[in-house]
Amino acid sequence: MPQNSLSQWQWRPYTREMDKAESTEYRCHNFSAGPAVLPVDVLKTARGELLNYRGSGSSIMELSHRGPEYMEVDAQARSRLSDLLGLGDDFEVMFLQGGASTQFMMAPMNFLPEGRTADYLNTGTWARKAIKEARIIGNVHEAFSSEDTNYSRVPRDGEIRMSDDPAYLHFTSNNTIFGTQHPGEPESGGVPLICDASSDFLSRPLDVKRYGMIYAGAQKNAGPSGVTVVLLRRDFLETARTEGLPSMLRYKTHAGTMFNTPPTFGVYLVNLVLGWLQENGGLAAMERRNREKAQLLYAEIDRDEFYRTPVEDGSRSLMNVVFRLPNEDLEKRFLGEAEARGLMGLKGHRSVGGLRASIYNACPRESVEALAGFMVEFRKTHG
Ligand SMILES: Cc1ncc(COP(=O)(O)O)c(C=O)c1O
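Residues numbered from 1 in each chain as written. Predicted model: local features only at pLDDT ≥ 70, side-chain atom pairs only at ≥ 80, totals over all residues.

Participant: Run through helix α8 (residues 282–303), naming residues and quoting values.
Facilitator: Counted at 1.5 Å a residue, the expected span for α8 with its 22 residues is 32 Å, and the 32 Å between its end C-alpha atoms agrees. Within α8, burial applies to Met-286, Arg-289, Asn-290, Lys-293, Ala-294, Leu-297 and Glu-300. The elements touched by buried residues of α8 are α7 (264–279), β11 (320–323), β13 (355–358) and α10 (365–382). (Helix = DSSP H or I, 4+ residues; strand = E, 2+ residues; numbered from the N terminus. Expected span 1.5 Å × (residues − 1). Buried ≥ 20, exposed ≤ 12 C-beta atoms within 10 Å, placed from the backbone. Contact = placed C-beta atoms within 7 Å.)

Take a look at the structure:
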């Protein structure tokens, strides 16, 4: 039985004639880059618990964040994250707000002291934004950049040129817009890694001891927008600055306590997604499935010259498959015909154009098969 199968949800293919309102059960094939598809089982559970959360007579949204119901959700989410990633007792888990973009400034504010340098890998739009914010705070050294090839790749072994004694090395594990992904942790010579994992968080196991900090906006692989998961290694957190920083912007303020009202409904959904990940074999199983799904699309792209990807071998993302057609007119047609079949969200980011299939954890294999099938058909008629 395929996990997260759309057919469990009485799915039927979309047709232009179909009145979407006729069926609240209708689900499209959702390839949105984020906010993105969530597991159907998670949505069903949330729907079932919406009016009366476990006999409380209220939804979880309407209950105090310090009451027993929400405290249990919070504790379970922490313990599930720890179990899935093997965090042990070494990491502090935080559910913050302000998106990954707020972490672009908080990380250097807390971990880049005056007189030190932080190293950054410039692998795309989000990495560049992180660098821009860090430069407002202190000294930044670009230890690698693929800007000259329009971000077609991440660094190969031996290409990272670090500064002397950097405070940390920041990298973006998956570049959502350009469709590249680090195949593993970059070599940092023991310097703590800070990772923006927004678009591949929980899609594969991580060697967590290499990291000082991992952060991710939840809205791609972990839940809805509005929650940012921040994992901080305790000994690295010890080195965080406190003086001269407003309370909300200090990581130490958020360690081990709920300083202010967390995004409770978002964390509740994240917790359901974490439970779904556990039930479906954890991160190793997720990586295997993600690899198989991505391979279905890359096989079509590689078949001949009709489809092509600007991404170099060795840097291909398993999360965002970016590809082009022979010309922009055909790309427009592809999008229109795909949508008529219920294949939604395939437009590339506005800054790069082309097409992008985002196939995060919760994107069912049958959606990817439907897209691969459509690619074959479209090539036949227009190739
Ligand atoms: C890799 C990456 N980092 C950061 C961001 C920005 O995240 P947010 O909108 O949560 O600030 C995104 C958004 O798509 C992203 O893909």
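Participant: With reference to specific residues and values, describe the packing of helix α3 (residues 99–111) against helix α4 (residues 125–137).
Facilitator: The relative placement of two packed helices is expressed as an angle between their axes plus a distance between the axes. Where α3 contacts α4, the axes come no closer than 8 Å and their chain directions differ by 40°. Viewed along their axes, α3 and α4 adopt a mutual orientation that is oblique. For the pair α3 and α4, the sense of crossing is right-handed. For the pair α3 and α4, the contacting residues are Phe-104, Met-105, Pro-108 and Met-109 in the first and Lys-129, Ala-130, Glu-133, Ala-134 and Ile-137 in the second. In terms of residue class, the contact of α3 with α4 is made up of seven nonpolar, no polar and two charged. (Axes fitted to C-alpha atoms, helices over the stretch in contact; angles between N-to-C directions. Parallel < 35°, antiparallel > 145°, perpendicular 65-115°, else oblique. Left-handed = near helix turned anticlockwise from the far one by under 90°. Nonpolar A, V, L, I, M, F, W, Y, C, P; charged D, E, K, R; others polar.)

Participant: I'd like a rundown of the nonpolar core, residues and numbers included.
Facilitator: Ranked by internal contacts, the top residues of the largest apolar core, which has 99 residues, are Met-213, Val-229 and Val-273. Per-element tally for this core: the top contributor is α7, with 10 residues. Split by domain, the residues of this core number at least three in each of domain 1 (6–40 + 283–382) and domain 2 (54–279). Leave out the neighbours within four places in its chain, and Val-273 touches Leu-38, Pro-39, Val-42, Ala-222 and Gly-223. (Core = buried A, V, L, I, M, F, W, Y, C linked by C-beta atoms within 7 Å. Domains from an automatic or database assignment.)

Participant: Explain the sheet that holds strand β4 (residues 139–145) residue by residue, including any values.
Facilitator: Here seven strands make up an open sheet; going across it, the order is β2-β10-β9-β8-β5-β3-β4 and the pairing mixed. The sheet terminates laterally at β2 (91–96) and β4, the two strands that pair on one side only. Pairwise comparison of adjacent strand axes, ignoring direction, gives a mean angle of 20° for this sheet. Relative to strand β9 (residues 211–217), strand β8 (residues 193–196) runs parallel, the two sharing four bridges. Looking across to β9, one finds that Cys-195 is bridged to Ile-214. Here α3 sits on the sheet and contacts β3 (117–122), β5 (169–172), β8, β9 and β10 (228–233); the angle it forms with β9, its principal contact strand, is near 155°. (Pairing = 2+ DSSP bridges.)

Participant: Residues and numbers for the site of the ligand, please.
Facilitator: Gly-34, Gly-99, Ala-100, Ser-101, Trp-126, Thr-172, Thr-176, Asp-196, Ser-198, Ser-199 and Gly-217 make up every residue found near the ligand. Among the elements that line the shell around the ligand, the one with the most residues is α3, at three residues. Residues that form the shell around the ligand fall into these classes: two nonpolar, eight polar and one charged. (Near = placed C-beta within 6 Å.)

Participant: So, the domain arrangement of the protein: which residues are in play, and what are the values?
Facilitator: On domain assignment, one finds that the protein holds domain 1 (6–40 + 283–382) and domain 2 (54–279). With centres defined by C-alpha atoms, the gap from domain 1 to domain 2 works out at 27 Å. Contacts between the two partners involve 30 residues from domain 1 and, on the opposite side, 28 residues from domain 2. The element that contributes the greatest number of residues to the side of domain 1 that touches domain 2 is α8, accounting for five residues. Taken together, the residues that form the side of domain 1 that touches domain 2 break down as 16 nonpolar, 10 polar and four charged.

Participant: How would you explain the environment of Leu-169 if you had to name every residue and give the values?
Facilitator: Along the polypeptide, Leu-169 turns up in strand β5. The spatial distance from the C-alpha of Leu-169 to the C-alpha of Gly-88 is 23 Å, given a sequence separation of 81 residues. Among residues more than four places away in sequence, those in contact with Leu-169 are Asp-119, Ala-143, Met-162, Pro-186, Ser-188, Val-191 and Leu-193.

Participant: Please provide a residue-by-residue account of the environment of Asp-313, values included.
Facilitator: Turning to its location among the elements, Asp-313 is positioned in the loop between α8 and β11. Residue Asp-313 is classed as exposed on the basis of its 9 C-beta neighbours within 10 Å. Through-space distance from the C-alpha of Asp-313 to that of Leu-355 is 18 Å; in sequence the pair is 42 residues apart.

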